[in-house]
Number of protein chains: 2
Amino acid sequence: MTERTRRSTAPTIYDIAEKAGVAASTVSRALNKPGRINSETERRIRAAADELGYRLNPMARSLQSGLTGNFALVMSDMTNPVYFDLVRGAERVTAEAGCTLLFADSQENVDVELDAAQRLLRVADGLMLVGSRLSDEQIVALAELKPVVTVNRLVADLPAATAEVEVGVHEAVRHLAELGHRDIAYLTGPSASWMNGRRHEVLVADALSRGMTVRAIESDSPTIDGGRAAVPRVAASGVTAVVAFNDLLAFGLLQGARDAGIDVPGTLSVIGFDDIFGADLLTPPLTTVRSHMRSLGEAAVVALQRAIAGEPGADSDRPATKLIVRGSTGPATD
Amino acid sequence: MTERTRRSTAPTIYDIAEKAGVAASTVSRALNKPGRINSETERRIRAAADELGYRLNPMARSLQSGLTGNFALVMSDMTNPVYFDLVRGAERVTAEAGCTLLFADSQENVDVELDAAQRLLRVADGLMLVGSRLSDEQIVALAELKPVVTVNRLVADLPAATAEVEVGVHEAVRHLAELGHRDIAYLTGPSASWMNGRRHEVLVADALSRGMTVRAIESDSPTIDGGRAAVPRVAASGVTAVVAFNDLLAFGLLQGARDAGIDVPGTLSVIGFDDIFGADLLTPPLTTVRSHMRSLGEAAVVALQRAIAGEPGADSDRPATKLIVRGSTGPATD
DNA sequence: CTGAAAGCGCTTACAG
DNA sequence: CTGAAAGCGCTTACAG
């Protein structure tokens, strides 16, 4: 009721026009291109607008411009703390542009992700896919509809924002080497994750160059439970250190190892990726490769803005990674 | 470029109409009210729409209906893991309704919150304020514009979704009483937080009825740092147990106590609220009052939908709380 | 500098 | 059941 009333009485530019004794088109100009109009007229129009409590109807403008002012963000798992800062960074740049961030969580499920992406794409000007599990083909198909930016994923020549991997991994491998580790394992993330492949391949290359061996140990899911479940396989492998695809897996390794009576870092060293919330609160606190997720979120929005504007997708700065050494790594003991 | 081309070629109902040999109004009906139209005509229209890859332009529809299909959610701190499940619940119900969730983070700042609320309100049909730090007056002013639902906050007769507090607190107090605690403290949250006041008052009432004393200890901010900073005051107070406004504060207490050489739960018992991510990973794991945040998020969206539809704001079910006993509580030792 | 008019893509009474 | 027309609130060439 009240609602209805409010809606129907919302003042339009025509109300302002009447009040100020000008045409609606003049009101539109006064409000949108300050300075291009007689300043006394403009003043009168603004006064009328203020008095009426006028607010632009964004739908009407959108219908004109074809642009909604919305940017969509789909991430693989919003309960993964790694995305906190990414979302904050994306939010900040989006708000600064006077736009709005739409956002959905695919819960590590391809169908949910595709569904959410399609749904959001209809009401947004473009889409950011974070840690997408979609196939390249699916992503390309989305990009036919509207601009798409991939985050921590590279697809054909779509614009992307990715964190640098080399530096952090390099530091991690050197750290392990200095502690005397020779046989290490990589606990894998989802096979559909581009970043999983990237971390794995850089780790292997780096370790080989130091004469270390890296065996892959598969995990079921990139979660704490996935890490716990992998503990027996890690133990059986005989490695002295394991690098996990992400911190959630590493958390699970730590928990599972404790339950199994495996001493970390005495018997096994553990390194994660991301430096998520809680990594420094555990016992032992986790050694992990941190990347600057906030910058990544900002870079993603900037790339999307450029894509929407039709500008070429210059590769943005890739936020640097670095190793944060804590208590979960120690000397190798064979 | 490509962008421009895509946009301008997006098929409209007029393209479908032409292809199917009917009027645009018929297309609109066929697509929106299936069954109300000659089934052969409808079939032809759908076929044409499919062939053209037609997608409804939501802005055009919005301009008609005055509704955007967007629900806005503003929360006090999105890096607080307590909101994970709330957002997921809200997201699920929103998506189910074919709507979209807009979302912003106020970073515990009143100005940022007000700004975000106003910004989102213009492009959404209604607003959910989670753990708002705004004044009642500010919230009422927002509610003049569009429907507003408060979450874990009660304002005048605005619709709200709140978690039940009594059961969990009752269990917590009984738990402490059974462990022999007589003098306990409440580590406060933000004074602008309604839920802070609520937890405090229920705790005091419950404790008094058991002959326990509760002193209030102020925290600067409801974060881990805020908890750490409070440790000296907690220690000086001589209490044997402290209940913190939220788990982040409790995390900080645990950390700070360890650094100060205070044994938890040997010398001091600690209880939090929320059961956030990590609560069971700490050493000792945290005893805490859990509420079902997912239900809360769902209830908030349902309440908002009702408010938008102009239905009376019946108080929704209040998700129950319960005490999760872990390792941070133990017998009182005076 | 300003106004009249057309149009963005859809929906919805109003006729037939 | 279907069509022609008006209208949602704004912007933007096009004239003056």
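This text follows the structure it describes.
The structure displayed is predicted, hence computed values, not measured ones.

1. Observations concerning the overall build of chain A
- Helices and strands together make up the secondary structure of chain A, namely 13 helices and 11 strands.
- Over its C-alpha trace chain A gives a radius of gyration of 26 Å, far above what one expects of a compact globule, namely 20 Å for 334 residues.
- Expressed as a percentage of its 334 residues, the buried residues of chain A come to 54%.
- Long-range contacts, defined here as pairs at least 24 residues apart, represent 70% of the contacts in chain A between residues at least 6 apart.
- Between the mean site of the 34 positive side-chain charges and the mean site of the 42 negative ones, chain A shows a separation of 7 Å.

2. Focus on the sheet that holds strand 7 (residues 213-217) of chain B
All names here are of chain B.
- An order of 7-6-8-9-10-11 is seen for the 6 strands of this open sheet, with the pairing classed as mixed. Every interior strand has two partners, whereas the edge strands, strand 7 and strand 11 (321-324), have only one. Sheet twist, expressed as the mean angle between neighbouring strand axes with direction ignored, is 20°.
- Here strand 6 (residues 183-187) pairs with strand 7 via 5 bridges, running parallel. Pairing of Tyr186 across the sheet is with Ala216, part of strand 7.
- Against the sheet, helix 12 (residues 247-259) engages strand 6, strand 8 (241-244), strand 9 (269-273) and strand 10 (287-291), with an angle of about 155° to strand 9.

3. Focus: the pattern of salt bridges
- Tallying each qualifying case throughout the model produces 34 salt bridges over all chains.
- Note that Arg228(A) and Asp259(A) form a salt bridge whose closest N and O atoms lie 2.5 Å from each other. Here Arg228(A), found in helix 11 (residues 224-237), pairs with Asp259(A), found in helix 12 (residues 247-259); they are 31 residues apart in sequence, far enough to count as distant.
- Note that Arg46(B) is salt-bridged to Glu42(B), the shortest N-O span being 3.3 Å. Here Glu42(B) and Arg46(B) lie together in helix 4 (residues 39-52), a separation of 4 residues that amounts to about one turn.
- Here the salt bridges do not stand alone but share partners, grouping Arg92(A), Glu96(A), Arg294(A) and Glu298(A) into one network.

4. What about the protein's contact with DNA strand D?
- Taken together, 25 residues form the shell around DNA strand D, and within it Ser28(A), Tyr54(A), Thr26(B), Arg29(B) and Gln64(B) come nearest.
- Within 4 Å of the protein, the atoms of DNA strand D are drawn from sugar and phosphate moieties in a proportion of 62%.
- Within the contact set of DNA strand D, a base nitrogen lies 3.2 Å away from a backbone nitrogen or oxygen of Ala60(A).
- Within the side chain of Gln64(A), an N or O atom sits 3.1 Å from a base oxygen of DNA strand D.
- Taken together, the elements giving at least two residues each to the surface near DNA strand D come down to helix 2 (13-20), helix 3 (24-32) and helix 5 (58-65) of chain A together with helix 3 (24-32) and helix 5 (58-65) of chain B.
- When residues in the surface near DNA strand D are grouped by element, the largest group, 4 residues, is from helix 3 of chain A.
- In terms of residue class, the surface near DNA strand D is built from 9 nonpolar, 11 polar and 5 charged.

5. Re unusual backbone geometry
Residue and element names in this part refer to chain A.
- A cis amide bond links Thr283 to the next residue, Pro284, at an omega of -5°.
- Within the secondary structure, Pro284 sits in the loop between strand 9 (269-274) and strand 10 (287-291).
- One non-glycine residue, Ala156, adopts positive backbone phi at about 35°.
- Using a relative accessible area of 69% as the deciding quantity, one classes Ala156 as exposed.
- Even without glycine at this site, Asp275 takes up a positive phi of about 55°.
- Its location among the elements puts Asp275 in the loop between strand 9 and strand 10.
- Given the relative accessible area of 17%, Asp275 is considered buried.

6. Digging into the sheet that holds strand 7 (residues 213-217) of chain A
Residues and elements named next belong to chain A.
- Read across the open sheet, the 6 strands follow the order 7-6-8-9-10-11; overall the sheet is mixed. Each end of this open sheet is capped by a strand with a single partner; those strands are strand 7 and strand 11 (321-324). Strand-to-strand, the axes of this sheet are offset by a mean angle of 20°, without reference to chain direction.
- Inspection of the sheet shows strand 10 paired to strand 11 by 4 bridges, in the antiparallel sense. Note that in strand 11 the partner of Ser291 across the bridge is Thr321.

7. Considerations on the relation of the copies chain B and chain A
- Rotating chain B by 180° and translating it 0.0 Å along the rotation axis places it on chain A, where the RMSD comes to 0.1 Å. The superposition operator between the copies reduces to a two-fold rotation axis.

8. Digging into the pairing of strand 6 of chain B
Residues and elements named next belong to chain B.
- By the criterion of burial, strand 6 is predominantly enclosed, with 4 of the 5 residues buried.
- Crossover strand 6 to strand 7 through helix 10 (residues 194-209) is right-handed.
- Pairing of strand 6 with strand 8, which is carried by 4 bridges, proceeds in the parallel orientation. Bridge pairing in strand 8 links Ile184 to Ala241.

9. Thoughts on the interface of chain B and chain A
- Across the contact, 54 residues belong to chain B and 54 residues belong to chain A.
- Asp77(A) serves as the salt-bridge partner of Arg88(B), at 3.0 Å between the closest nitrogen and oxygen.
- Where chain B meets chain A, there are 8 residue pairs in polar contact (both at pLDDT 80 or more).
- Breaking the side of chain B that touches chain A down by element, the ones donating at least two residues are helix 1 (2-9), helix 5, helix 6 (83-96), strand 2 (100-105), helix 7 (110-123), helix 8 (136-145) and helix 12 of chain B.
- Among the elements that line the side of chain B that touches chain A, the one with the most residues is strand 2 of chain B, at 6 residues.

10. Regarding the protein's contact with DNA strand C
- Not every one of the 26 residues close to DNA strand C is listed here, only the nearest: Thr26(A), Arg29(A), Gln64(A), Ser28(B) and Tyr54(B).
- Taking the atoms of DNA strand C that fall within 4 Å of the protein, sugar and phosphate contribute 60% of them.
- Note that a phosphate oxygen of DNA strand C is positioned 2.5 Å from one of the side-chain N or O atoms of Ser28(B).
- Looking at which element gives the most residues to the surface near DNA strand C, the answer is helix 3 of chain B, with 4 residues.

Conventions we followed
Residues numbered from 1 in each chain as written. Chains lettered and ligands numbered in written order. Predicted model: local features only at pLDDT ≥ 70, side-chain atom pairs only at ≥ 80, totals over all residues. Heavy atoms only, no water. Helix = DSSP H or I, 4+ residues; strand = E, 2+ residues; numbered from the N terminus. Rg over C-alpha atoms; globule rule 2.2 N^0.38 Å. Buried < 20%, exposed > 50% of the residue type's maximum accessible area, 1.4 Å probe, protein only. Contact = heavy atoms within 4.5 Å. Lys, Arg positive; Asp, Glu negative; His and termini not counted. Charge placed at Lys NZ, Arg CZ, Asp CG, Glu CD. Pairing = 2+ DSSP bridges. Axes fitted to C-alpha atoms, helices over the stretch in contact; angles between N-to-C directions. Salt bridge = Lys/Arg side-chain N within 4 Å of Asp/Glu carboxyl O. Near = heavy atom within 4 Å. Polar contact = N/O pair within 3.5 Å; in protein donor to acceptor, adjacent residues only side chain to side chain. Nonpolar A, V, L, I, M, F, W, Y, C, P; charged D, E, K, R; others polar. Least-squares fit on C-alpha atoms with pLDDT ≥ 70 in both. Right-handed = clockwise from strand over helix to strand, strands pointing away.

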